[in-house]
Amino acid sequence: MVALDGVQKWFGQLHVLQDVDLHVAPGEVVVVIGPSGSGKSTLCRTINRLETIDEGVIAVDGQKLPEEGKALAGLRADVGMVFQSFNIFAHKTILENVTLGPIKVRKQSRADAEKRARELLTRVGIEAQADKYPAQLSGGQQQRVAIARALAMEPKVMLFDEPTSALDPEMIKEVLDVMVDLARGGMTMIVVTHEMGFARTAADRVVFMSDGRIVEENTPEEFFSNPSSDRARDFLGKILKH
Amino acid sequence: MTFLDGNVGLILQGFWLTIQLLVLSGICSIVLGTLLAAARVSPVPLLRGAAVVYVSIFRNTPLLVVFIFVFIAGPRLGLNYPFLVKGVLAMTLYTSAFVAEALRSGINSVPVGQAEAARSIGLTFGQCMREVVMPQALRAVIPPMASVLIAMAKNTSVAAAFGLAEATATMRGLTNNNANERLMIFLVFALGYIVIVELMSFAANRLERRWRVA
Ligand SMILES: Nc1ncnc2c1ncn2[C@@H]1O[C@H](COP(=O)(O)OP(=O)(O)OP(=O)(O)O)[C@@H](O)[C@H]1O
Ligand SMILES: [Mg+2]
């Protein structure tokens, strides 16, 4: 479903992605983990070309990422993205946030788009907030809107970049529950997160990144209980302390 | 209120000219200012450079100097137009630089994540600007834009010094003929400007409240 081959990226002198190969099968849930600055966000953002790459090939559902313009917009419509900072459209109601893409990109009628949007809002548990503005919602609710907004496009794959790290602890669960639900429903997902509970429950595979490289890949069980690289052991030792 | 006798027509005429100058300069400044702001955030270096030069010239030149150019230097170079046109030209050259800066700061105030989210649901660049970035930029821009336009309204009085028969010029004519009622006349005209400016602030406040990002 998603295939990265020999991907290289530099920010000036900084080699942020070094020879990255990553293949994600349809329905697979991959958790990306690693120290700050290791390139996890960058990796995520290259998959819908919010960041360009310098070398290598990225393909989604067998189609190489288009350069720019309409074709790229078309591809992005098929790749859902959920950001750490939610990025809900601040000037639109929750319902409008969810219907914007279906109406403008998928050319659905307003009535169809709203009906579907309400179903999705129900699914993520915030149907009662449909007519409010983002600032009236808690962070956890906003992030669930972001998930509903992405799902409204019927994406082939969903990317999550630390979706819970800007949230208060009591809101993390409500977002993770939605994500676990999605994973069980067969969605292809690439999730950057340090939530080991999520990784254990929902992930098929954990990818550990360090200094722009994929250092280790394994099942969650194996990775957490028996990491094979020093860097992964070191990293897990640090995050397990708190 | 004897000074009003026989002068009502003159006063109204002065205000009418002021209003025309104000509205036309306002529209032209917003149009030119928007183009300049777009040029300043555009990816074309030549456009960006030209807009930077324009904005820094006119933002740093006193309005009086712009008027001297348009009303005195211009005609000597064969560029002579009716008073209203020259007034609008001078006001627009000057005000559009401020409009451009206000707009640019508005565009920059929209978090980059908003545009990224818009692009990641598949909106094209144009749709992203139209649906997500510009509506938020315009909201952020109402207070500074209102200040720019209010300053412009008050600046129309500079046109008086150049013989344009707008409100202030009418007032001078009146004060000359009715010297004993000078204070009264000043008050009436000050009131006229205050009413115009208050109306603009009121409209800006209403817009801001209605459009506030909830
Ligand atoms: N736009 C940019 N320009 C220059 N350098 C950048 C840019 N974005 C990221 N970087 C750098 O690239 C490296 C990788 O960043 P990235 O955001 O992908 O890391 P990350 O693994 O997501 O880290 P975190 O856990 O802190 O989110 C970092 O050193 C970062 O400073
Ligand atoms: Mg990151």
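Going by the structure above, here's the rest.
First, a word on what this report is: a plain description of the structure on this page. Position numbers for residues count from 1 along each chain, tracking the sequence in the order it is written. Chain letters start at A and ligand numbers start at 1, both assigned in the order the entries are written. Side-chain atom pairs in this predicted model are given and counted only at pLDDT of 80 or more, local residue features only at pLDDT of at least 70, and totals for whole chains, interfaces and linings cover all residues. As a convention, hydrogens and water are excluded, and side-chain values are obtained from all of the structure's heavy atoms.

### Considerations on the overall build of chain B
Next, step 1: Across its full length, chain B carries 9 helices and 0 strands.
Next, step 2: Every helix listed is a DSSP run of H or I at least four residues long, and every strand listed is a run of E at least two residues long, numbered separately from the N terminus. Taken from the N to the C terminus, the helices and strands of chain B come in the order α-α-α-α-α-α-α-α-α.
Next, step 3: Residues counted as buried form 44% of the 214 residues belonging to chain B.
Next, step 4: In these tables, accessible area is a Shrake-Rupley quantity obtained with a 1.4 Å probe, and a residue counts as shielded only by the protein chains included in the view. Split by element, the accessible area of chain B, about 11,100 Å² in all, is 69% carbon and sulfur. Each residue's exposure class comes from its accessible area (1.4 Å probe, protein chains only) as a fraction of the maximum for that residue type: buried when under 20%, exposed when over 50%, partly exposed otherwise.

### Quick word on the site of ligand 1
Residues and elements named next belong to chain A.
Next, step 1: Inspection of the region around ligand 1 gives Phe11, Leu14, Val16, Pro35, Ser36, Gly37, Ser38, Gly39, Lys40, Ser41, Thr42 and Glu162 as its neighbouring residues.
Next, step 2: Polar contacts here mean pairs of N or O atoms no more than 3.5 Å apart (in protein, one a potential hydrogen donor and the other a potential acceptor; neighbouring residues in sequence count only if both atoms are side-chain atoms). Note that an oxygen atom of ligand 1 is positioned 2.8 Å from one of the backbone N or O atoms of Gly37.
Next, step 3: In this structure, Gly39 approaches ligand 1 through a main-chain N or O atom, which is 3.0 Å from an oxygen atom.
Next, step 4: Contact with the protein chains hides 59% of the accessible area of ligand 1, taken as 630 Å² for the molecule alone.
Next, step 5: Of all the secondary-structure elements, those providing two or more residues to the shell around ligand 1 are strand E2 (14-24) and helix H1 (40-47).
Next, step 6: With 3 residues, the top contributor of residues to the shell around ligand 1 is H1. Only a single heavy atom is needed: when it lies within 4 Å of a molecule or strand, its residue is near that molecule or strand.

### A look at the sheet that holds strand E5 (residues 63-64) of chain A
In any sheet, the strands associate via hydrogen bonds between backbone groups, in a parallel or an antiparallel arrangement.
All names here are of chain A.
Next, step 1: Pairing between strands is defined by DSSP: at least two bridges between the two strands are required. On the basis of which strands lie adjacent, the open sheet formed by 4 strands has the order E2-E1-E4-E5 and antiparallel pairing. This sheet does not close on itself; its edge strands, each paired only once, are E2 and E5.
Next, step 2: Relative to strand E4 (residues 55-60), strand E1 (residues 2-11) is paired through 5 bridges, and the arrangement is antiparallel. Looking across to E4, one finds that Ala3 is bridged to Ala59.
Next, step 3: Contact definition: two residues touch when any of their heavy atoms are within 4.5 Å. The axes used here are C-alpha line fits, helices contributing only the stretch in contact, and every angle between their N-to-C directions lies in the interval 0 to 180 degrees. Lying on the sheet, H1 is in contact with E1, E2 and E4; it crosses E1 at an angle near 120°.

### What to know about the environment of Leu151 of chain A
Residue and element names in this part refer to chain A.
Next, step 1: Here Leu151 lies in helix H5 (residues 139-151).
Next, step 2: Owing to a relative accessible area of 6%, Leu151 belongs among the buried residues under this scheme.
Next, step 3: Note: C-alpha distance between Leu151 and Leu240 (89 residues apart in sequence) is 33 Å.
Next, step 4: For Leu151, the contacting residues outside a window of four places in its chain are Leu120, Arg123, Met158, Leu182 and Met187.

### Focus on the pattern of salt bridges
Two side chains bearing opposite charge may form a pair once their charged atoms approach each other closely.
Next, step 1: Every case where a carboxyl oxygen of Asp or Glu lies within 4 Å of a side-chain nitrogen of Lys or Arg is listed as a salt bridge. Considering all chains together, one arrives at 22 salt bridges over all chains under this definition.
Next, step 2: A salt bridge links Glu67 of chain A to Arg49 of chain A; its shortest N-O distance comes to 3.7 Å. Of the two residues, Glu67 of chain A is situated in the loop between E5 and helix H2 (69-77) and Arg49 of chain A in the loop between H1 and E4; the sequence distance between them amounts to 18 residues.
Next, step 3: Among the salt bridges present, the one from Arg40 of chain B reaches Glu101 of chain B, with a minimum N-O distance of 2.8 Å. Pair noted here: Arg40 of chain B is in helix H1 (residues 8-41) and Glu101 of chain B is in helix H4 (residues 83-109), with a separation of 61 residues, a long-range link. For the residue pair Arg40 of chain B and Glu101 of chain B, the accessibility class agrees, reading buried in each case.
Next, step 4: Bridged by salt links that share partners, the residues Asp61, Asp78, Arg106 and Lys156 of chain A form one connected network.

### Notes on the nonpolar core
Next, step 1: In this structure, Ile147, Met158, Phe160, Met179, Met189 and Phe198 of chain A are the most contacted members of the largest nonpolar core, which totals 51 residues.
Next, step 2: With 9 residues, the single largest contributor to this core is helix H6 (residues 169-184) of chain A. Grouping buried Ala, Val, Leu, Ile, Met, Phe, Trp, Tyr and Cys residues that are joined through side-chain atoms within 4.5 Å yields what is termed a nonpolar core.

### Points about H1 of chain A
All names here are of chain A.
Next, step 1: H1 sits mainly inside the fold: 7 of its 8 residues count as buried.
Next, step 2: By the burial criterion, the buried members of H1 are Lys40, Thr42, Leu43, Cys44, Arg45, Thr46 and Ile47.
Next, step 3: Positive phi appears at Arg49, one or two residues downstream of H1, with a value of about 60°.

### Notes on the environment of Leu75 of chain A
Residues and elements named next belong to chain A.
Next, step 1: Among the structural elements, Leu75 can be located in helix H2.
Next, step 2: What makes Leu75 buried here is its relative accessible area of 4%.
Next, step 3: Ignoring sequence-local partners within four residues, the contact set of Leu75 consists of Ile47, Asn48, Val60, Gln63, Leu65 and Pro66.

### Observations regarding unusual backbone geometry
All names here are of chain A.
Next, step 1: Positive phi, normally seen in glycine, also occurs at Phe86, with a value near 65°.
Next, step 2: Residue position: Phe86 is located in the loop between strand E6 (79-82) and helix H3 (94-104).
Next, step 3: The backbone phi angle of Asn87 is positive, close to 55°, even though this residue is not glycine.
Next, step 4: Tracing the sequence through the fold places Asn87 in the loop between E6 and H3.

### Focus: the pairing of strand E8 (residues 188-192) of chain A
All names here are of chain A.
Next, step 1: The element E8 is extensively covered by neighbouring structure, given that 5 of its 5 residues are classed as buried.
Next, step 2: Residues Thr188, Ile190 and Val192 point to one face of E8 and Met189 and Val191 to the other, with burial holding for every one of them.
Next, step 3: Judged from the 4 bridges that link them, strand E3 (residues 29-33) and E8 form a sheet pairing that is parallel. Paired with Val30 across the bridge in E8 is Ile190.
Next, step 4: Looking down the strands as they point away from you, a crossover is right-handed if its path from the first strand over the helix to the second goes clockwise. Each parallel crossover has a hand, and the one from strand E7 (residues 157-161) via H6 to E8 is right-handed.

### Observations concerning the interface of chain A and chain B
Next, step 1: Every contact between the two is made by 26 residues of chain A and, on the other side, 19 residues of chain B.
Next, step 2: By definition, the buried area sums, over both parts, the 1.4 Å-probe accessible area that each loses when the two are put together. Interface area for chain A against chain B, summed over the two sides, is near 1,900 Å², with a carbon-plus-sulfur share of 61%.
Next, step 3: Three residues stand out in chain A for area buried against chain B, namely Arg76, Phe89 and His91 of chain A, and they jointly supply 28% of the buried area on that side.
Next, step 4: Residues Glu131 of chain B and Lys92 of chain A are paired through a salt bridge, measuring 3.8 Å at the closest nitrogen-oxygen approach.
Next, step 5: Connecting chain A to chain B are 8 residue pairs in polar contact (both at pLDDT 80 or more).
Next, step 6: Listing elements by their share of the side of chain A that touches chain B, those giving two or more residues are H2, E6 and H3 of chain A.
Next, step 7: For the side of chain A that touches chain B, the element with the most residues is H2 of chain A, which contributes 4 residues.
Next, step 8: The nonpolar class holds Ala, Val, Leu, Ile, Met, Phe, Trp, Tyr, Cys and Pro. Asp, Glu, Lys and Arg form the charged class, and all remaining residues, Gly among them, are polar. Residues of the side of chain A that touches chain B, tallied by class, amount to 14 nonpolar, 5 polar and 7 charged.

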